[in-house]
Amino acid sequence: MAGAAYRVGETALLAVVEEAEPVVGRWRRRFDASASAGVPAHVTVLVPFLDSGRIDAGVVGELSAVIGAHRPFSVRFDGCGRFPDALYLAPTPEQPFRALTEAVVARWPEAPPYGGQFAEIVPHLTVAHGQQEQVFDEVEGELAGGLPVTAEVAAVGLFVSDGERWHQRGEFPLLG
């Protein structure tokens, strides 16, 4: 969820990873615009999701069922990975995140991951975005001392943008 321009009413489904915040927080605040827009450390399940005007009690109930069908899981972040414009922590295992995304997209195919920009789903926790390689190198070197980070993923949050900031509007537990 990187980038500086957000649409009013845009929504996202995020697996918040509070345990990563002490390690990545200062870097995210500096190099990931979503952090200063109110988005905590997370692995994206789906962005964009449905426009907030479409999220009614029926959608909330279906989200509860789709997400609730998955079991809570443990995840470990041992190291970094990179996209051309981002540095991220790579989760192990990544399959539970992918399964959540696939399940939500199967129910709402009109909401493909990242608007259909990418063919492959690559679960990740963005630390820095839109920086030069040397910045990524420096951040990655600093992160190494704080890894691994382990976390329990037990819920997916629904976040809504007001155009400048993101606000959590719901949480869906993984009940399995």
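Below is a summary of the structure that appears in this document.

Let's talk about the sheet that holds strand β8 (residues 166-173)
Step number 1: Strand order in this open sheet of four strands is β2-β1-β7-β8, and the pairing throughout is antiparallel. Edge positions in the sheet fall to β2 (42-46) and β8, since each of these pairs with one other strand and no more. Going from strand to strand, the sheet's axes swing by 35° on average, the running direction of each strand aside.
Step number 2: Relative to β8, strand β7 (residues 155-161) is paired through seven bridges, and the arrangement is antiparallel. What sits directly across from Leu158, in β8, is Gly170.

Quick notes on the sheet that holds strand β5 (residues 125-129)
Step number 1: If you walk across this open sheet you meet the four strands as β5-β4-β3-β6, and the pairing is antiparallel. Where the open sheet ends on each side, the last strands, each with one partner, are β5 and β6 (149-153). Taking each pair of neighbouring strands and ignoring which way they run, the sheet shows an average axis angle of 35°.
Step number 2: The pairing of strand β3 (residues 73-83) with strand β4 (residues 86-92) spans seven bridges and is antiparallel. Considered in β4, the bridge of Gly81 is made with Tyr88.

Re the environment of Phe77
Step number 1: Among the secondary structure elements, Phe77 is positioned in strand β3.
Step number 2: Separated by 33 residues in sequence, Phe77 and Glu110 place their C-alpha atoms 31 Å apart.
Step number 3: Residues in contact with Phe77, not counting those within four places in the same chain, are Val17, Val43, Leu89, Ala90, Pro91, Leu125, Leu147, Pro148 and Val149.

Things to note about the nonpolar core
Step number 1: Core analysis: the biggest nonpolar cluster contains 45 residues, and Leu13, Val24, Phe49, Val104, Leu125 and Leu143 have the highest contact counts within it.
Step number 2: If near-sequence neighbours (up to four positions away) are discounted, Leu143 is found in contact with Val23, Val24, Trp27, Cys80, Leu87, Leu89 and Val127.
Step number 3: Within the second largest apolar cluster, eight residues are counted, among which are Ala12, Ala37, Val39 and Trp166.

Re the packing of aromatic side chains
Step number 1: Scanning the entire structure with this criterion turns up six aromatic pairs.
Step number 2: Seen from their ring centres, Trp27 and Phe31 are 6.2 Å apart, and the 10° between their planes marks the pair as stacked. A residue pair is termed a helical-turn pair when its members lie 3 or 4 positions apart in one helix, as Trp27 and Phe31 do in helix α1 (residues 21-31) at four residues. Across this residue pair, the class does not change: Trp27 and Phe31 are buried.
Step number 3: For the ring pair Phe49 and Trp108, a centre distance of 5.2 Å and an interplane angle of 90° mean the geometry is edge-to-face. With Phe49 in the loop between β2 and α3 (57-68) and Trp108 in the loop between α4 (95-107) and β5, this residue pair connects regions lying 59 residues apart in the sequence. Here Phe49 matches Trp108 in class, with each residue buried.

Structural notes on the packing of α1 against helix α5 (residues 133-143)
Step number 1: Close contact between α1 and α5 brings their axes to 10 Å; oriented N to C, the two are set at 165°. By the angle between their axes, α1 is roughly antiparallel relative to α5. Here α1 and α5 pass one another in a crossing that is right-handed. On α5, the residues that touch Val23, Val24, Arg26, Trp27 and Phe31 of α1 are Val135, Glu138, Val139, Glu142 and Leu143.
Step number 2: Across the contact of α1 with α5, the residue classes tally to seven nonpolar, no polar and three charged.

Remarks on the pattern of salt bridges
Step number 1: Scanning the entire structure with this criterion turns up eleven salt bridges.
Step number 2: A salt bridge links Arg28 to Asp32; the nearest nitrogen and oxygen atoms lie 3.6 Å apart.
Step number 3: For Asp32, a relative accessible area of 2% translates into the label buried.
Step number 4: Salt-bridge contacts for Arg82 lead to Glu140; the nearest nitrogen and oxygen are separated by 2.7 Å. Residue Arg82 is located in strand β3, and its partner Glu140 is located in helix α5; the two are separated by 58 residues in the primary sequence.
Step number 5: Residue Arg82 is classed as partly exposed on the basis of its relative accessible area of 29%.
Step number 6: The exposure class assigned to Glu140 is partly exposed, which follows from its relative accessible area of 28%.
Step number 7: Overlapping salt bridges, with partners in common, bring together Arg82, Glu133, Asp137 and Glu140 in one network.

Rules used in this analysis
- Residues numbered from 1 in each chain as written.
- Predicted model: local features only at pLDDT ≥ 70, side-chain atom pairs only at ≥ 80, totals over all residues.
- Heavy atoms only, no water.
- Pairing = 2+ DSSP bridges.
- Helix = DSSP H or I, 4+ residues; strand = E, 2+ residues; numbered from the N terminus.
- Axes fitted to C-alpha atoms, helices over the stretch in contact; angles between N-to-C directions.
- Contact = heavy atoms within 4.5 Å.
- Core = buried A, V, L, I, M, F, W, Y, C linked by side-chain atoms within 4.5 Å.
- Buried < 20%, exposed > 50% of the residue type's maximum accessible area, 1.4 Å probe, protein only.
- Phe/Tyr/Trp six-rings, centres within 6.5 Å; stacked < 30°, edge-to-face > 60°.
- Parallel < 35°, antiparallel > 145°, perpendicular 65-115°, else oblique.
- Left-handed = near helix turned anticlockwise from the far one by under 90°.
- Nonpolar A, V, L, I, M, F, W, Y, C, P; charged D, E, K, R; others polar.
- Salt bridge = Lys/Arg side-chain N within 4 Å of Asp/Glu carboxyl O.

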